[in-house]
Amino acid sequence: MFKTLRIILTSALVRGILGQLIGTALGYGFIAGLRALRGAETPWIYEPALAFGAIIGVIGFLIASGVLTDWLKWIVGRRTPLRHGAPEGKPEWSRYFNVDYNHKVIGIQYGVSSLLILLIGGIFAIIFRIELAQTGMQWLNNNQFNTLFSAHGIIMIAAILGGVGAMINYLAPLMIGASDMAFPRLNAFSFWVSVPAALLILSGLAVGGWDTGWVGYATLSLRAPVGMVLFLLGFWVVGFSSIAGSANLLVTVATMRAKGMSLFRMPIFVWAAVATSIIQLTATQTVGVALTMSVAERVMGLNFFDPSGGGNPILYQHLFWFYSHPVVYVFVLPGLGVISELLPVFARKPLFGYRWVALSSLGIALVGFLVWAHHMFTSGMADALRVPFMFSTMLVAVPTGVKFFSWIATIWEGKLPKNPPTPLLFVLGAISVFLIGGVTGPILGTIPTDLHLHDSYWVVGHFHATMFGGFIFPFFGALYYWYPKMTGRMYNERLGKLHFWLMLPAFWVMSIGQMSVGLLGMRRRIADYDPALGIEGTQVLITLAALVIGWSVLIMLYNLVFSQRRQPVADPNPWRSRGPEWQIISPPPEFNYNVPFEVVGDPYEYGLADTTYIRDVARASVPSGD
Amino acid sequence: MRRFRHFIIVAVLVALSTVGLRALFSVILALPRASSAEAIPIDALFNGHYWMIAFLFSLIMVMMLYALFVFRRPADDDSDGPYIHGNTVLEIGWTIVPTVVVLGFGVWGAITLNDITSPKPNEMTVNVTGQQWVWSFAYPEQGDFASSELVLPVDRTIVLKMTAEDVIHSFWVPEFRVKQDLVPGRETTLRITPTEAGEFALRCAEICGLNHTQMVATVRVLDAAGFQAWVDAENAAPAFADMTPEDRGAFWHSAEGLGCVACHSLDGAPGVGPTWQGLYGRQEELEDGGTVTVDDPYITTSIIDPNAQITAGYLPNLMPQNYADQIAALEQEIQAAEGVDIDIIADLIAFIKTLE
Amino acid sequence: MSVVNPVPAGNPAHAPSLAAAPGAPHEAHVEHGLPHAQQVRANRLGLWLFCFSELFLFGALFTSRFVLWGNTRPELSQVIGLIATAVLLLSSYFMYRAEMGAAHGDRKTFLRGALLAAALGTLFFIMVVVLEWNVFGLEANLFGIEIFGHLSTADGVYGGVFYAMTGMHALHVLSGVVFILIIWWNGRRGRFTPEDHWGVEATAIYWHFVDVVWVFFYPALYLMGTVAG
Ligand code: HEA
Ligand code: HEA
Ligand code: CUA
Ligand SMILES: [Cu+2]
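Report on the accompanying structure. (Residues numbered from 1 in each chain as written. Chains lettered and ligands numbered in written order. Predicted model: local features only at pLDDT ≥ 70, side-chain atom pairs only at ≥ 80, totals over all residues. Heavy atoms only, no water.)

**With respect to the overall build of chain A**
Here is step 1 of the chain: In terms of regular secondary structure, chain A is built from 19 helices and two strands.
Here is step 2 of the chain: Relative to a compact globule of 626 residues, whose C-alpha radius of gyration would be 25 Å, chain A shows 25 Å and is just as compact.
Here is step 3 of the chain: For chain A, the spread of C-alpha atoms along the principal axes amounts to about 80 × 60 × 50 Å.
Here is step 4 of the chain: Residues counted as buried form 69% of the 626 residues belonging to chain A.
Here is step 5 of the chain: Long-range pairs, those at least 24 residues apart, make up 78% of the contacts in chain A between residues at least 6 apart in sequence.
Here is step 6 of the chain: With the model as given, the accessible surface of chain A reaches about 18,600 Å², and the carbon-plus-sulfur share is 70%. (Helix = DSSP H or I, 4+ residues; strand = E, 2+ residues; numbered from the N terminus. Rg over C-alpha atoms; globule rule 2.2 N^0.38 Å. Buried < 20%, exposed > 50% of the residue type's maximum accessible area, 1.4 Å probe, protein only. Contact = heavy atoms within 4.5 Å. Areas by Shrake-Rupley, 256 points an atom, 1.4 Å probe, with all protein chains shown as cover.)

**Let's talk about the site of ligand 1**
Here is step 1 of the chain: Near ligand 1 there are 33 residues, and of these Tyr329(A), Asp450(A), His454(A), His462(A) and Arg524(A) occur at the shortest range.
Here is step 2 of the chain: The local environment of ligand 1 is shared, drawing residues from chains A and B.
Here is step 3 of the chain: The side chain of His374(A) places a nitrogen or oxygen atom 3.3 Å from an oxygen atom of ligand 1.
Here is step 4 of the chain: The separation between an oxygen atom of ligand 1 and a polar main-chain atom of Gly445(A) is 3.1 Å.
Here is step 5 of the chain: Among the secondary structure elements, those contributing two or more residues to the shell around ligand 1 are helix 11 (313-347), helix 13 (383-411), helix 14 (422-439), helix 15 (442-445) and helix 17 (457-487) of chain A together with helix 2 (39-70) and helix 3 (88-117) of chain B.
Here is step 6 of the chain: Element by element, the count of residues in the shell around ligand 1 is highest for helix 13 of chain A, at six residues.
Here is step 7 of the chain: For the shell around ligand 1, the residue count by class is 19 nonpolar, eleven polar and three charged. (Near = heavy atom within 4 Å. Polar contact = N/O pair within 3.5 Å; in protein donor to acceptor, adjacent residues only side chain to side chain. Nonpolar A, V, L, I, M, F, W, Y, C, P; charged D, E, K, R; others polar.)

**Topic: the nonpolar core**
Here is step 1 of the chain: One finds Ile431(A), Phe473(A), Phe476(A), Trp135(B), Tyr139(B) and Phe171(B) to be the most contacted residues of the largest nonpolar core, which totals 353 residues.
Here is step 2 of the chain: Counting residues in hydrophobic clusters, the runner-up holds 25 residues, among them Phe240(B), Trp252(B), Ile299(B) and Ile334(B). (Core = buried A, V, L, I, M, F, W, Y, C linked by side-chain atoms within 4.5 Å.)

**Notes on the interface of chain B and chain A**
Here is step 1 of the chain: Listed as interface residues are 94 residues of chain B and, on the opposing side, 96 residues of chain A.
Here is step 2 of the chain: Taken together, the two surfaces of chain B and chain A that pack against each other cover about 8,300 Å², and 67% of this comes from carbon and sulfur.
Here is step 3 of the chain: Put simply, chain B and chain A have two salt bridges between them.
Here is step 4 of the chain: Residue Asp80(B) pairs with Arg348(A) through a salt bridge whose shortest N-O separation is 3.1 Å.
Here is step 5 of the chain: One can count 31 residue pairs in polar contact (both at pLDDT 80 or more) joining chain B with chain A.
Here is step 6 of the chain: Among the elements of the structure, helix 1 (2-28), helix 2, helix 3, strand 7 (179-182) and strand 9 (198-204) of chain B are those that each provide at least two residues to the side of chain B that touches chain A. (Buried area = accessible area lost by both parts, 1.4 Å probe. Salt bridge = Lys/Arg side-chain N within 4 Å of Asp/Glu carboxyl O.)

Right under this line is the structure:
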């Protein structure tokens, strides 16, 4: 007991947090102290000091946690061996609290923090949903409400980015037969830098919140409460994680695939990971610029957005959406990859039109770069600009459609099990939910209808459906599906099904309810609504549904945590998959494949007897999978 | 042949489901009343989209559930499904057909957009200003008076010329369907043609800070005669020069004036800023610990440099910092129009003094 | 508890089909890493991807300049601009020499090139920050030419864009100088060989990249558009 405590207290996580606190205090003290020396009246209440402190705090976290140590040693010319395994003399589990370079450990670190953050964001949603159940203000005031939904938005998005990181990190190297990512230290950095970022955003709540939503539009961002600065900086720091992680993945896929694994023989999830990473690598920079400019304008008095100095508030929106539209495909592409990955396994049929599905991920990513202004149809853009954006927006439906049709063709005449196991349920649920999210997109992309729908709860319904269908459901499905791979044990099937059957209907009620009230005139981001709209009944339903979703998620967490001890040891390949990761023991060895494998066939040849996807380079031909 | 039968069943189910869903949408995804000419083509487009949503959703869901229930294998069946790798013709088909469909919707959308935004004969201009968290409307063609409610004649196309003082706001009356942001530093326009008399609610649709929720205004649509009567009554309002400072102060406080009402109540009700009831002469505690007595200089500073002294319990940065400019501009305007010098801050102080 | 396992556990048909080490799943303390040549290939690709990513950062700033300034620009000291640009381009040349030196095992060329490149980079940085930004608020002229800039952060969008573009670029120059000094210091200790000098190569690529960005920034800031009154 005491030992456990000591291990936790000396872990990188705790050291990092301490470092962040100290760094923040130093940075804050430095600027405020300078002001005190200059004899300012209230030197200790000063926003630039807060901003500076926040940045130094992040650096403090990174140094104290030790992610930078190896690099610092390189500077002075020391070579550092890649440390593996638990720190000297500490138990295996302590790896997860410390800087570890193994991609599977990092993947799980991402996954667990993503779930934690999801809980926080979910609790916020539930708090403000209860406020919205009735008209009139019950237990929040305007400022609390504004802060809660803003925090809910950005925290959930951080949770998604973490979940995406988890899936990509854990699965991609395993699937391509690599022993790890190309840059293990950079990989650790990507994860650890997102921790102080999350702490920054959360501390924004403590200092007074902010009220711009997750989009942080200028010029409101220049006048919002102080929490704004921490939000902007936290969002900005998350960007480092995205950029470093995506570059790492692209290099890994480009240079570390197993022998014989040509691009069109990669498991389909890897294609999704590649498309995702291309978006993250590039688009993140522009939102970085937008956030930097906002901080500079707010804190240092530079002018970009405030029209009173000649600035242009719409510029912020362009820079922001140039990232934030493509990033919605970051949220969904890995999830859609999971769907494409699981369907053939359960239907016992090849993935229909593998190449088209693979290329449609790239297609979505590329077209996704051309549509950002559809979030700004009402901003006062000239028609000459918004009409082309309407057409490009409509076109994203096409590559997405290719995926849907290919999925249907995959399971058509396939042999789905009569009693679908939880991962399959989540995949099918995801298809239905993402479908409704997707088809409510073009109506937003058509300008005249968007003029009614913009900033209404229809949009809220649309994006919860796309994000649940494209991320939450597939992610949960992936957690169940790869649970035996990660832990060596089977999850509890009955609880898994309970989770699904609570969450799916509740989600449908919530999302359709949101669309319905939106059409009738419910605006986004309001703490209270007019009883004259006649939507109180629906609002109550939405709130109840939210509570059910919340409980169902708790059931899943219980399942994931306790199945590790209580459930029977799982079969190494319980789903009879041909995927490389299922051909080794669970959990996989430290370096994945002790003997490299070579690819000699196509990945999804279910239904064709005696075909081989991979085989050990060393051994003679051993049929894999089936 | 078996295959063929599956497809026929599916086609029938999809058709039934599409029609059923479309009918269901009329109930659960109903639009509010259509009270403007613009709403008609927009609702037609909504209808088209609803059909498409109903069809696509039915198509995919029916086929998915059909595959799940019809083709599924019993628990002890370990065999694989048929080996079907793909089909290029199909793939090209389901790339081309949706492309054509969505582009068709794009064209429909572009035509509708042109329809509702192009200039119409006999338009009337109203200037709309949004400010945290009040609306004000000015009628340049009817005598250039200001109003805190939007009053419009029926069946005439109104061109709203809109701007914001501080942050972005958005003009939305659901019954009119169309929406337009008000952006600081630029003018945006929106055309609406109310088609029925009645009262509507204008609600700000873009998050604009603390009281975004409460940023609402009344829209009244009147018949031509009623509108004219309202205009005449507004124009009969006395010139500023003829009003007492107290009355002028009350006017500046209102939404038509400087919009102080958005944050400062007159009856002691709590708000974003301190209430004005009993304000004059009161001892105020400040955020930095000091106290002041509310007098002329204090009020003046609070208006032109609001962050200088923040009353305890209130937040900085909420009050617009540009009142000095706004007031100077107004004073100049009045000087130009009526030839008198008016001291707006003095008016406000006189008004506050009356609020015991 | 009931488990609905789709396949009965222990089915021999589903035993691992790839060789897997028996025993502890996480075998600790095994050295691993890519073979050197492969690692360098990966590094190179990674660096290029990073530059590609940065392209969007600078591109966004560049675009903002055109949105906010349109066809105008503030009055800036043409002399400083020209000299600073020349200095930076020259430093790229020395960086190239340094890399060649490292690649051919010519330690002297390498060290001299690196040091000169760093010095010129620093000079560039000083010209931007001290002269053009005029952080010390000085006033002087040389042969009738103002040598300190007079744009300030309070000068509306002119100040904003100018400080953002030069600031972001200067930050990269500064980090580049730090990298050059690091490789110089390591080079003096003989840590690079013709076969293994990835550090030098990386720094050189980064440095050239930062220079190329300036080639676009310089005209956007100093040459294009008419001077706004
Ligand atoms: C995971 C996230 C995700 C995904 C995948 C999408 C996908 C799409 N989104 Fe969504 N969107 C968001 C997340 C997402 N969105 C968020 C978060 C916001 C709000 C941001 C904020 O303001 O806070 C938003 C807002 C948003 C707007 C702005 C609304 C407004 O504020 O006014 C628009 C407008 O065009 C839009 C359109 C689309 C379209 C056309 C797609 C398309 O990609 C959908 C394509 C899919 C299909 C169409 C279904 C399947 C296709 C077929 C079956 C083929 C046949 C189809 C046809 C013939 C149509 N979205
Ligand atoms: C992945 C992203 C994601 C997810 C999962 C969710 C999940 C939920 N969202 Fe979220 N939402 C966003 C992303 C997301 N949201 C974004 C980006 C915005 C825009 C913000 C903005 O406007 O800027 C938004 C805005 C938004 C609004 C509009 C706010 C407004 O405009 O005023 C609403 C309103 O209903 C809402 C509701 C919910 C609910 C009820 C859930 C539920 O599904 C949550 C379920 C709960 C959990 C998953 C956690 C588990 C629960 C517990 C631990 C608590 C258990 C306790 C009890 C049951 C008592 N969200
Ligand atoms: Cu004004 Cu919201
Ligand atoms: Cu979008």
